[in-house]
Every structure is written in structure tokens, then in C-alpha cells.
Amino acid sequence: MSTAIQSAAMTEEQLSTSRCYVAAGGMSCPVCDSEHLSVGKALLVGVGTIWPNECNTCGSTWHEVHKLDQIVDVTDKRGIS
Ligand SMILES: [Zn+2]
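The structure reproduced in this document is the subject of the present report. Only a predicted model underlies this, so the values are computations on that prediction, with no experimental measurement involved.

Helices and strands together make up the secondary structure of the chain, namely 1 helix and 4 strands. Beginning at the N terminus, the succession of helices and strands in the chain can be written as α-β-β-β-β. Relative to a compact globule of 81 residues, whose C-alpha radius of gyration would be 12 Å, the chain shows 16 Å and is clearly more extended. A principal-axis box enclosing the C-alpha atoms of the chain has dimensions of 55 × 30 × 20 Å. Every one of the 81 residues in the chain was classed for burial, and the buried ones make up 2%. In the chain, the share of contacts with a sequence separation of at least 24, taken over all contacts with a separation of at least 6, comes to 30%.

And the structure:
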């Protein structure tokens, strides 16, 4: 895949910050740990989605990258009228 959601250019520090953020479920600011966040409008990129986030406490901004992983609970309703 060659989309904007690759992370190859990130530094070790950035990768570490990213891993911690993801491990914590994206519930707090990666800069100041505040839980007062605003989420913007999703952008579709390839097989993923990018969500712009902003911290309401320190004003830092970042983007969450959500990749399509799986689907569940598919219900075939073609035979239902
Ligand atoms: Zn913050």
C-alpha cells in the first residue's frame, strides 16, 4: 500500500508517542494527557480514515489514522422483502 497513512518517516520518539496513544485507546492528549479533546471531520484516505483531533487544554493538534481492519455481523437481506 502506498497511501498517506504510512508511518515509515516517523522518528522513534514519534512512533513511541503514537504507540502509547493507541494503547491508551486515544482517550487523552499525546502532549499534555488532557482528556478534553475535540474531534474534527473524518477524511477518507485509501482503506482508512483520518480523524483530526485537537486538545482543548493545550491546543495541540494531531491526526488519528484508522485503517479498515475487519467487518462483523454481516446480514444478507437480499431474500427479505
Ligand atoms: Zn493537550
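Next comes the rest of the write-up.
The next subject is the pairing of strand β3 (residues 48-55). Relative to β3, strand β1 (residues 37-39) runs antiparallel, the two sharing 3 bridges. Counterpart to Leu-37 in the pairing with β3 is Cys-55. The antiparallel pairing of strand β2 (residues 43-45) with β3 creates a hairpin that spans 2 residues between the two strands, and Gly-46 there sits at a positive phi of about 55°. Across 7 bridges, β3 lies against strand β4 (residues 61-67) in antiparallel orientation. The residue bridging Glu-54 from the neighbouring strand is Thr-61, located in β4.

Okay, unusual backbone geometry next. Despite not being glycine, Asp-33 shows a phi value in the positive range, around 70°. Looking at the secondary structure, you find Asp-33 in the loop between α1 (12-23) and β1. Unusually for a residue other than glycine, Asp-73 sits at a positive phi of about 55°. Inspection of the secondary structure puts Asp-73 in the segment after β4.

This brings us to α1. Between its first and last C-alpha, α1 extends 16 Å over 12 residues, near the 16 Å set by a 1.5 Å rise per residue. In terms of burial, α1 is largely open, as just 0 of its 12 residues are buried. A positive backbone phi angle near 80° is found at Gly-25, which sits one or two residues after α1.

This paragraph deals with the environment of Met-10. With respect to the element layout, Met-10 can be found in the segment before α1. You can call Met-10 exposed: it has 12 C-beta atoms within 10 Å. Filtering out sequence-adjacent residues up to four positions away, Met-10 remains in contact with Leu-15 and Ser-18.

Reading the values: rules and limits
- Residues numbered from 1 in each chain as written.
- Predicted model: local features only at pLDDT ≥ 70, side-chain atom pairs only at ≥ 80, totals over all residues.
- Helix = DSSP H or I, 4+ residues; strand = E, 2+ residues; numbered from the N terminus.
- Rg over C-alpha atoms; globule rule 2.2 N^0.38 Å.
- Buried ≥ 20, exposed ≤ 12 C-beta atoms within 10 Å, placed from the backbone.
- Contact = placed C-beta atoms within 7 Å.
- Pairing = 2+ DSSP bridges.
- Expected span 1.5 Å × (residues − 1).

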